[in-house]
Amino acid sequence: MSDLKRALSRANLGQAALLAVPWIVLQLGGFWALSDPRAGAAGAAGVGAIAMFAFLALAVWFRWSHVQLANIVQNLTDADAEYYGFFSFFRLWGDQLEFIRRRNPGYLNALRLNYIALPLAFLACVMNFWTAALLMVLIWLLTGMLVRLAVVRVVSPQDSLVPWAIRCKVILLLVLAIAAWGVVRYEASRAERMCDAKLAQLETASEPVSAADLAKRYRLTGQNGAELVAAWKMIPAIPDALARLAAPVWIVSVPPDAYVEMEKFVFNQDAPMRKLTELERIPTARLGCDLAKGFEGVGDTQELIMRYRQLEWLELLRLLSAASIGNDRQVGESWTGWGNLRRQLSAEPALIYSMVVMGMESRRLDALERVVNEFGIHSDREMRLLDADLAASEKELAANLEQGLRGEVALSLISGLDPMVEWSRASGRFSGLSRLFPAFQWARFRCKFWYLEGMERFRNAVSEPQRLEAAAAWLRVLPFGAEPVVSVLSEVNGEMDRYVALLRKVRSARVALALDRSRKARGGFPETLADVSGLSAELLADPAGGPLAYSADGFEVEAVDSAAGSSRMQKFDGAEIGGRNGFRLRK
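Draft legend 1. Representation of the packing of aromatic side chains within the structure. Scanning the model with the defined rule gives six aromatic pairs in all. Aromatic pair F62 and W140: ring centres 6.0 Å apart, planes at 85°, arrangement edge-to-face. One end of the pair, F62, is in helix α2 (residues 40-76); the other, W140, is in helix α5 (residues 130-155), with 78 residues separating them in the sequence. Three or more aromatic residues joined by ring pairs form one cluster here, namely F31, W442 and W450. Sitting over the face of the ring of W164, R167 holds its NZ or CZ atom 4.8 Å from the ring centroid. For R286, the ring lying beneath its charged end belongs to Y218, and the centroid distance is 5.2 Å.

Now the structure itself:
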């Protein structure tokens, strides 16, 4: 009888361990892998491998102990028996079955439940009913123990065949499994409270967190420039030849009559050009995005954005054609008008609009670089106008990006901020799994918190770009559980890098205008920027920290041969301010 008791104890303990040990490893190990920066993807994979190894090892042990128990029972009885299933017991036939039924009236029902519990659990998993799957597994555990005990009592009249020590171990395993779940669930609740506190902090600081908050900042007084753009039935198409000539590249070997054709096109588009000038006098615009729809409402405005891009091309042609004939006054008007198009879109409450605005300003700076190098600006009045406009642009770009970041957070909250939505779509089972594995809930709330924290860090870096490196470093040390939000914030970090590069280019353009005046007066470029009068220390500082890069030893740039239609890297004598992506001046 001692062998029978030991075999029964091993089988019961093995079944309990088969469920509890992998569960505890997944709960606590999974939480560690998601929350500890040292774990990373390798840690998560390691936890999964350990849980799988533990499950397989315990499954083999349970199978072996089951077979041992079945052999002992069959040796002690002369009844026919049939062993079936990897995780199920065996059925007895004949008189012994009738004896079991009389001694344990619920035996057959328990046997049936044990037989179908695991298939039902698998079906529940497939159908995304994870709670029901867990219930079926627990039923399999309980009925398995009852069935084994009922069969063993056929050959043993003892009322208690399982020692108390084994019972305590089984209970301890189940308690530890519940405790592991409870610990992680507590951490998930803490993460939820932290997320709620962060949202409350934003509301206290009067940050927009809803459509109503954004609407207060989105009000328009006066004429709406976007309405005029939307009502513009036919914006003139730019001929391919002129589009290639006006491309933001360095162009050499320009045919003599190339700009003549551009001037003719601008002259023939007199009515659209006058309409464009009228539009540029309107200070603001509202594209009309539906704030209540979140990011879906932003997507509805893409057609208007494309129309503004077409208007940019028209203004670029007017700018280049004016520069080609030395009309500095028209160059200044076109430059200012182009800037006003950018300013119209500067009140839109989303990061995508800030990117559009920065793109417009970058293209405007490319055009200025080309005008200064290819044609020159000869009027001191227009040079001062350009410098003043560039100085204002730096402040406007900062204010626009801050607003875009604030609007991005609000639109994310309106859209149901869930940085783990991609994980949810990938698995299709996040909502159900999160109830069984609260580490997913912890990651979800922490990702929300990290998103809000990261956007605040980036917003603070707008006025102090030197803080951007610290924000990027913080992003790099987030744990594996932050992977969904890291991908989102990395894109924002990339846009912040483009913002810093644009600020550098704006300052480089202002320095280039001063250098151009100095070159005309002295006949060459100075060795250092300190030799140029009228440049402030703030202007000579790189936005990312340190002095603004400067070299008077020439520069290399990809130049397009207009006649041949090819491009190649070409060396020019001159100065380069702000590095390769800054502003260049030819001698």
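Draft legend 2. Examining a nonpolar patch on the surface more closely. On the surface, L113, Y115, I116, L120, F122, L123, V126, M127 and F129 cluster together into a nonpolar patch covering about 880 Å² of accessible area. The residue I116 is located in helix α4 (residues 107-126) in this model. Assessed through its relative accessible area of 38%, I116 is described here as partly exposed.

Draft legend 3. Structural view of the packing of helix α19 (residues 439-463) against helix α20 (residues 468-476). At a closest axis distance of 8 Å, the pairing of α19 and α20 adopts a crossing angle of 160°. Taken together, the axis directions place α19 and α20 in an arrangement best described as roughly antiparallel. The element α19 and its partner α20 pack so that their crossing is left-handed. When α19 is examined against α20, the residues W450, E453, G454, R457, F458 and A461 are found in contact with a partner set consisting of L468, A471 and W474. In the contact of α19 with α20, the residues fall into six nonpolar, one polar and two charged.

Here is what the cut-offs are and how they apply
- Residues numbered from 1 in each chain as written.
- Predicted model: local features only at pLDDT ≥ 70, side-chain atom pairs only at ≥ 80, totals over all residues.
- Heavy atoms only, no water.
- Phe/Tyr/Trp six-rings, centres within 6.5 Å; stacked < 30°, edge-to-face > 60°.
- Helix = DSSP H or I, 4+ residues; strand = E, 2+ residues; numbered from the N terminus.
- Lys NZ or Arg CZ within 6 Å of the ring centre and 35° of its normal.
- Patch = residues over 30% accessible without salt bridge, like charges linked within 9 Å, V, L, I, M, F, W, Y side chains within 5 Å.
- Areas by Shrake-Rupley, 256 points an atom, 1.4 Å probe, with all protein chains shown as cover.
- Salt bridge = Lys/Arg side-chain N within 4 Å of Asp/Glu carboxyl O.
- Buried < 20%, exposed > 50% of the residue type's maximum accessible area, 1.4 Å probe, protein only.
- Axes fitted to C-alpha atoms, helices over the stretch in contact; angles between N-to-C directions.
- Parallel < 35°, antiparallel > 145°, perpendicular 65-115°, else oblique.
- Left-handed = near helix turned anticlockwise from the far one by under 90°.
- Contact = heavy atoms within 4.5 Å.
- Nonpolar A, V, L, I, M, F, W, Y, C, P; charged D, E, K, R; others polar.

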